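# Observations on the model geometry
Residue-level listing of the chains:
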Amino acid sequence: MELRQLEHFVAVAEERHFTRAAERLAVSQSGLSASVRALEHELRTPLFSRTTRTVRLTEAGAALLVEAERTLAGARAARDAVDAVRGLLRGTLTLGVEQCVAGVSTARLLAAFHREHPHMEIRLRQEGTSSLLEGVAGGRLDLAFAATVSPPEWRGELVPLAREPMVLLCAPGHRLAQDDVRVAWGELRGESFIDFHPDWGPRRAADEAFAAAGVRRTVALEVNDVHSLLELVHEGLGIAVVPHHFSRKPEARGLVAVELDGAHRPAYESVVVLPPAQAMTPGAKALMTLVREAPLR
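The written sequence of each chain sets the order in which its residues are numbered from 1. For this predicted model, a pLDDT threshold of at least 70 governs which residues receive local features, and a threshold of 80 or more governs which side-chain atom pairs are given and counted, while totals over whole chains, interfaces and linings are taken from all residues. As a convention, hydrogens and water are excluded, and side-chain values are obtained from all of the structure's heavy atoms.

### Quick look at the overall build of the chain
- The helix count covers DSSP runs of H or I at least four residues long, the strand count covers runs of E at least two residues long, and both are numbered beginning at the N terminus. When helices and strands are counted, the chain shows 9 helices and 11 strands.
- Based on the C-alpha atoms only, the size of the chain along its principal axes is roughly 65 × 50 × 35 Å.
- Within the chain, the proportion of its 297 residues that are buried is 46%.
- Contacts are assigned to residue pairs with any non-hydrogen atoms lying within 4.5 Å of each other. Contacts in the chain between residues at least 24 apart in sequence constitute 73% of all its contacts with a sequence separation of at least 6.
- Exposure was quantified through the Shrake-Rupley algorithm and a 1.4 Å probe, taking into account, for residues, occlusion by the shown protein chains and nothing else. For the chain, the accessible area works out to roughly 15,200 Å², and carbon and sulfur atoms hold 50% of it.
- Under the convention used here, Asp and Glu are negative, Lys and Arg are positive, and both His and the chain ends fall outside the count. Charge positions come from single atoms, namely NZ of Lys, CZ of Arg, CG of Asp or CD of Glu. When the 35 positive and 38 negative side-chain charges of the chain are each reduced to one mean point, those points stand 4 Å apart. When accessible area is computed with a 1.4 Å probe and restricted to protein chains, residues below 20% of their type maximum are described as buried, those above 50% as exposed, and intermediate ones as partly exposed.

Laid out in structure tokens, this is it:
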């Protein structure tokens, strides 16, 4: 089994398409197919279920994917470690991030990193917190900026970035849209809510807060981006509980942000998710040096 074969296998697994995987790897489709077939022959089991339209992992393929990603990550870390000893950072930094994460400017951070380490390739993946944790744990991501997670969920290091209150966001004219007035949790019963899919950090924080307050809610509209959420609130299609900095976005102009009252005022915390120290890549270490610099926070 060769690293090249594992790279081919992972590419097909991620793309779910042999042609796209071949284009991504800049190899011929016939060569890619032959590489995967040779791997299947060596392992004596099919890794993909193929039809004319779809390519899906078999149970054996899914099991291999976890170990293949870990093996490739280890190989990259070994190459990067040698380059670091030589005083030159090369290779790839793969970073995961939740959208609109508080406490760091991802664009400015990556621009500064690129200026200092121009030979490092940067790859950015925007995903929800659960996917980011899995990515760092499996070696698919070097590190990630995510919403805070409870201690049982993560055994690596969590570096705090920011903590801020969550607020109720609603359109003008809504019965709860009152400046300088805090809303009690009980007043939210029966309202229709707009929120992110359950994997996203703000949704997880809101769900935990509602559960702690003993209030059931209906999330009628689920979205994957902040701008869609704000547009829907503008149109009066529901209200949203969001991190406070969402209310300061230009797209939120005209909406009313209301504080939540009582003992269960929700907070949104963002962190850097790091693997165990021995698994930190040189690229991740270099990025963390920049993260700790105040101008980029």
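### A word on helix 8 (residues 226-234)
- Listing the buried residues of helix 8 in full gives V226, L229, L230 and V233. Taken around the axis of helix 8, the buried residues stretch over an arc of 95 degrees, which confines them to a single face.
- As for helix 8, its buried residues are in contact with strand 6 (157-170), strand 7 (192-196), strand 8 (218-223) and strand 9 (240-243).
- For helix 8, the side-chain oxygen to backbone nitrogen distance between the N-cap and H227 is 3.3 Å, and the N-cap itself is D225.
- Following helix 8 by one or two positions, G236 adopts a phi angle in the positive range, close to 75 degrees. The arc under discussion is defined with respect to the helix axis, by the directions toward the C-beta atoms. As used in this structure description, the phrase polar contact means that two N or O atoms lie within 3.5 Å; if the pair is within protein, one of them must be able to donate a hydrogen and the other to accept it, and residues adjacent in sequence are counted only when both atoms belong to side chains.

### As for the nonpolar core
- Counting residues in each nonpolar core, the largest one holds 46 residues, and the members touching the most others are L143, F145, L168, L188, V272 and L287.
- At the level of elements, strand 3 (91-97), helix 5 (106-116), strand 5 (143-147), strand 6, helix 7 (201-213), strand 10 (256-258), strand 11 (267-274) and helix 9 (282-291) are the ones that each hand at least two residues to this core.
- Top element by residues in this core is helix 9. It accounts for 6 residues.
- In contact with L168, other than residues within four places in its own chain, are L176, V183, L188, F193, I239, A240, V241, V256, A257, V258 and L260.
- Residues grouped as a nonpolar core are buried Ala, Val, Leu, Ile, Met, Phe, Trp, Tyr and Cys residues, joined through side-chain atoms within 4.5 Å. Among the nonpolar cores identified, the runner-up in size contains 19 residues, and L6, F18, V55 and L65 belong to it.

### Structural notes on the environment of A78
- With respect to the secondary-structure elements, A78 resides in helix 4 (residues 59-85).
- Since its relative accessible area comes to 44%, A78 is described here as partly exposed.
- Put simply, A78 and V241 are 163 residues apart on the chain and 44 Å apart in space, counted from C-alpha to C-alpha.

### Topic: the side chain of E191
- Note on placement: E191 falls in the loop between strand 6 and strand 7.
- For E191, a relative accessible area of 15% translates into the label buried.
- The residues touching E191, leaving out its near neighbours within four places in the chain, are H174, R175, L176, T218 and I239.

### Re the packing of aromatic side chains
- Under the pairing criterion, centres of Phe, Tyr and Trp rings, with the six-membered ring standing for Trp, must be within 6.5 Å; the plane angle then separates stacked pairs below 30 degrees from edge-to-face pairs above 60, leaving the rest tilted. For the structure on display, the rule yields 5 aromatic pairs.
- On the numbers, 5.3 Å between centres and 80 degrees between planes, the contact of F193 with F210 is edge-to-face. Note that F193 is positioned in strand 7 and F210 in helix 7, a separation of 17 residues in sequence. Judged on exposure class, the residue F193 and its partner F210 are both buried.

### A look at unusual backbone geometry
- Look at R44: it is not a glycine, yet its phi comes out positive at around 60 degrees.
- Structurally, the position occupied by R44 is in the loop between helix 3 (29-43) and strand 1 (48-50).
- The phi dihedral of C100 falls on the positive side, at around 55 degrees, and the residue is not glycine.
- Examined against the element boundaries, C100 turns out to sit in the loop between strand 3 and helix 5.
- Judged by its relative accessible area of 25%, C100 falls in the partly exposed class.

Nothing here speaks to function; it is all geometry.
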